[in-house]
Amino acid sequence: MLLIEDLQVELAGNIILKHIDLEIKPGETHVLFGPNGSGKTSLLMTIMGYPQYRITNGRIVFKGVDITEKPINERARLGVGMSYQRPPTINGLKTRQMVQFCSSREIDVDELARRVNFNNLLDRDVNSGFSGGEIKRSELLQLMAQDADLLLFDEPESGVDMENISLVGNTIATLLQKDCEAIQNKSRLQQKRERTKMGLIITHTGYILDYIPVDKGQVLYEGVLSCSTNPREILQCISDFGYEECVRCTIKTH
Amino acid sequence: MYDKDSLREKAAKAAHKKAAIGPDIDLDEFQRSPVEHEYLDDERLLKISEEEKRQFLMAGVDVSKKERMGTYLQMDTSVVHCDTKQEGIEVIPIKTALEKYDWVQDYYWKLASADQDKYTASAALDLHNGYVIRALPGVKTVYPIQACLYIGKEGLQQNVHNIIIAEEDSELHIITGCSTSPHLKKGIHVGISEFFIKKNAKISFTMIHNWAEDMMVRPRSVAQVEENGLFLNNYICMKPVRSLQMYPTTHLVGDNAVARLYSIIVGSPESEYDVGGRVFLKKPGNKAEIVARTISNGGRIISRGHLIGEVPDIKAHLECKGLILKGGLIYAVPELEGHADGVEMSHEAAVGKIAQEEIFYLMSRGMDEEEATSTIVRGFLNVDIPGLPPQLKAEVDKAIELSDKDVM
Ligand SMILES: Nc1ncnc2c1ncn2[C@@H]1O[C@H](COP(=O)(O)OP(=O)(O)OP(=O)(O)O)[C@@H](O)[C@H]1O
Ligand SMILES: [Mg+2]
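Peer 1: Teacher, can you tell me more about the site of ligand 1 here?
Peer 2: All names here are of chain A. Taken together, the neighbourhood of ligand 1 is formed by 14 residues, with Gly37, Gly39, Lys40, Thr41 and Ser42 sitting nearest. Gly37 has a polar backbone atom sitting 2.8 Å from an oxygen atom of ligand 1. In this structure, Gln85 approaches ligand 1 through a side-chain N or O atom, which is 3.2 Å from an oxygen atom. Burial of ligand 1 by the surrounding chains reaches 59%, relative to a free accessible area of 640 Å². The element best represented in the shell around ligand 1 is helix H1 (residues 40-48), accounting for three residues. The class makeup of the residues in the shell around ligand 1 is four nonpolar, eight polar and two charged.

Peer 1: Help me out: how do you make sense of the interface of chain A and chain B in this one?
Peer 2: Taken together, the contact pairs 29 residues of chain A with 18 residues of chain B. Taking both partners together, chain A and chain B bury about 1,900 Å²; carbon and sulfur atoms supply 59% of that area. Three residues, Asn73, Pro88 and Ile90 of chain A, lead the burial of chain A against chain B; their summed loss comes to 24% of the area buried on that side. Residue Glu139 of chain A pairs with Arg365 of chain B through a salt bridge whose shortest N-O separation is 2.8 Å. Linking chain A to chain B there are 11 residue pairs in polar contact (both at pLDDT 80 or more). The element that contributes the greatest number of residues to the side of chain A that touches chain B is strand E7 (residues 90-94) of chain A, accounting for five residues. A per-class count over the side of chain A that touches chain B returns 17 nonpolar, eight polar and four charged.

Peer 1: Just checking my understanding: could you explain the pattern of salt bridges for this structure?
Peer 2: Where charged atoms of side chains with opposite charge meet at close range, the side chains can pair. Counted by the stated rule, this structure contains 37 salt bridges over all chains. The residue Arg96 of chain A makes a salt bridge to Asp110 of chain A at a minimum N-O spacing of 3.1 Å. Pair noted here: Arg96 of chain A is in helix H3 (residues 95-102) and Asp110 of chain A is in helix H4 (residues 109-115), with a separation of 14 residues, a long-range link. With its nearest N and O atoms 3.5 Å apart, the salt bridge here joins Lys47 of chain B to Glu43 of chain B. You can call Lys47 of chain B exposed: its relative accessible area is 61%.

Peer 1: Is there a simple way to explain the domain arrangement of chain B in this structure?
Peer 2: Quite often, the size of an interface is put as the accessible area lost when its parts meet. Residues and elements named next belong to chain B. What the domain assignment lists for chain B is domain 1 (4-356) and domain 2 (357-408). Computed over C-alpha atoms only, the centres of domain 1 and domain 2 are separated by 24 Å. Opposite the 37 residues of domain 1 that make contact, domain 2 presents 28 residues. Taking both sides of the interface into account, the surface hidden between domain 1 and domain 2 amounts to around 2,800 Å²; carbon and sulfur atoms contribute 71%. Among the residues domain 1 hides against domain 2, the three largest losses belong to Met238, Ile354 and Gln356. Together they make up 23% of the total. Applying the counting rule to domain 1 against domain 2 returns zero salt bridges. In this structure, the connection of domain 1 to domain 2 is made through seven residue pairs in polar contact (both at pLDDT 80 or more). Every element with two or more residues in the side of domain 1 that touches domain 2 is listed here: helix H3 (50-58), strand E7 (171-180), strand E9 (202-210), strand E11 (230-237), strand E14 (258-267), strand E16 (287-296) and strand E18 (315-324).

Peer 1: Help me understand the coordination of the magnesium ion (ligand 2), please; the structure alone is not making it clear to me.
Peer 2: Within the protein, Thr41 of chain A (OG1) and Gln85 of chain A (OE1) serve as the donor atoms for the magnesium ion (ligand 2), at 1.9 to 2.3 Å. Of this pair, Thr41 of chain A sits in helix H1 while Gln85 of chain A sits in the loop between strand E6 (80-83) and E7; the two residues are 44 residues apart in sequence, bridging distant segments of the chain.

Peer 1: What is the right way to read the packing of helix H7 (residues 356-363) of chain B against helix H8 (residues 369-381) of chain B from this model?
Peer 2: When two helices pack together, you describe them by how their axes are tilted relative to each other and by the distance separating the axes. All names here are of chain B. Where H7 contacts H8, the two axes come as close as 9 Å, and the packing angle between them is 120°. Relative to H8, the element H7 lies oblique. Note that H7 runs across H8; the crossing there is right-handed. Contact with H7, carried on its side by Glu358, Ile359, Leu362 and Met363, involves Glu369, Ala372, Thr373, Thr375 and Ile376 of H8 and no other residues of that element. Considering only residue class, the contact of H7 with H8 consists of five nonpolar, two polar and two charged.

Peer 1: Is there a simple way to think about the nonpolar core in this case?
Peer 2: In this structure, Leu2, Ile4, Ile47 and Tyr50 of chain A together with Leu381 of chain B are the most contacted members of the largest nonpolar core, which totals 66 residues. Among residues more than four places away in sequence, those in contact with Ile47 of chain A are Leu2, Ile4, Ile60, Ile67, Arg75, Val80, Leu150, Leu152 and Leu200 of chain A. Leu156, Tyr235, Leu318 and Met345 of chain B belong to the second largest nonpolar core, which has 60 residues in total.

What counts, and where the lines are drawn
Residues numbered from 1 in each chain as written. Chains lettered and ligands numbered in written order. Predicted model: local features only at pLDDT ≥ 70, side-chain atom pairs only at ≥ 80, totals over all residues. Heavy atoms only, no water. Near = heavy atom within 4 Å. Polar contact = N/O pair within 3.5 Å; in protein donor to acceptor, adjacent residues only side chain to side chain. Areas by Shrake-Rupley, 256 points an atom, 1.4 Å probe, with all protein chains shown as cover. Helix = DSSP H or I, 4+ residues; strand = E, 2+ residues; numbered from the N terminus. Nonpolar A, V, L, I, M, F, W, Y, C, P; charged D, E, K, R; others polar. Contact = heavy atoms within 4.5 Å. Buried area = accessible area lost by both parts, 1.4 Å probe. Salt bridge = Lys/Arg side-chain N within 4 Å of Asp/Glu carboxyl O. Buried < 20%, exposed > 50% of the residue type's maximum accessible area, 1.4 Å probe, protein only. Domains from an automatic or database assignment. Donors = N, O, S within 2.8 Å, 3.2 Å for Na, K, Ca; no water. Axes fitted to C-alpha atoms, helices over the stretch in contact; angles between N-to-C directions. Parallel < 35°, antiparallel > 145°, perpendicular 65-115°, else oblique. Left-handed = near helix turned anticlockwise from the far one by under 90°. Core = buried A, V, L, I, M, F, W, Y, C linked by side-chain atoms within 4.5 Å.

Rendered as structure tokens:
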């Protein structure tokens, strides 16, 4: 389980996240909406442990361990994994090696790559000259190797073409154990009970909802998590009234 | 054809001439008298001490000679091993070659000048030995030829002269190392190298330096590339050295001739490296690339590069990238000189540190900070060298990996 309590975060002297409370139970996936600059990426980076996001109040507990002060790699080893919006290029490091590094065991990188249609890019330097959509698939490939329990996706479908979007969507569903076809001869209920992976997905468009059953939607607005309800309703509300109105109206109805 | 007396006369005049760059060295502090070593046949070569084997290996030389087309080994001033396995590939000690073969006279001191400075002068006056490697027309090596110049004698000045010739349509791959006994305190290596790449020929020359802390090193090399020829020069030095200064020059004299120079230098504390290269692009279609990756772990590194485009329709690029990891200095000096309309020349120089963002990214995949840092450093040193056969690329990687353990 991921538990965030009354989290306040400063970046470069500005408070960018305020009083964040969030709970993701094993098997649950949440989506996060919010206008540009509202702090969505910041929240994910804070959960991952980037030290420039200074936690000035509150705490983060993952699998019962207080990770508020833990370095990035320890969080990764505990099972936190992230698909980045804008990952850096690592010159001279081949994507193939990177994917292998992500896993603690020997893996068949080519076989994994096949699943996200990435084989002909494996021998390129990590993120070097990758197109927008290629970056997304590279990030997914790394997460597949990593086998994390809490998966943070920062806009996984942005910049992905219409054909690849189903590939990306289905891959995320698999990573989150939400693909119903994969496991036969088990009832849906049973599958749901056995699910342990947790997900937090940032999306602007909500296209990803077509592929992954999601438990909850949340809106981050000016550093504050303002509402949580059915993600489709939120999406409808945002497109009808805009973020500001949406946040206000749902607060009222709560 | 050179004239012995006039060469000596010319050199004698420059006996005290300081080099244009690099700290001056008093050559009177070193001995140049010959140090004899017994010739080692294949069997005895395999029986040298493990320590010596390792020193050779770090300089790219495998005494088992597996996957090598020829071998030249020199210890101090004596040739201890010299042979070739392939028809059409010649490996000959230069002193023998000068005595026996007239054709060698046409190459000796043809590109380099004996009066350039006191080091070239000394090599002309007091030559110990060196190798002549030649590929006959149309002959291509499958495996590289290996050469090693080793210094074991305390206080020695080793004077070496090498001539490398790729005749028309031939292809020659050479891996060469310089190394010293791990116990050596003081010594100087002076090495003259002249490369002749003829029409449609190709040479890849990979040099690995593996010096001792107090060594002085003054290589002097010049290459000439004819029509459609390719000269690929890789230089790796990841070990301490007191002072290393070299500025190899390449002349592209035929249409479409190409030169690519790559160097990887990791600078240790109290070591000074002044390295670089210069390429003259003299004919249409010439291409040149100089790529340097330098890391300072507390050493002083001057990384030079000079491209001179003399005619239109040439293309040249210079790339100097440096990382300062544990103090020290990196001084990048990129120079471009275009002498005609229609030259295409560019450079890219950057000196900095490892980006935190990259370290964090790798940490978020489970590496600790140290692993992440060394992975990024290794990536930084891992330059793609177009045209280098995978076999040689593996040697380069191996050399980096071997040194890696000591350096990082
Ligand atoms: N290094 C920095 N220094 C100062 N401010 C920063 C820095 N990085 C981000 N910010 C600011 O922090 C705020 C939150 O940024 P964040 O990236 O979390 O937004 P976001 O919700 O992910 O936006 P988007 O939808 O555009 O991706 C923004 O106002 C941004 O400009
Ligand atoms: Mg963002």
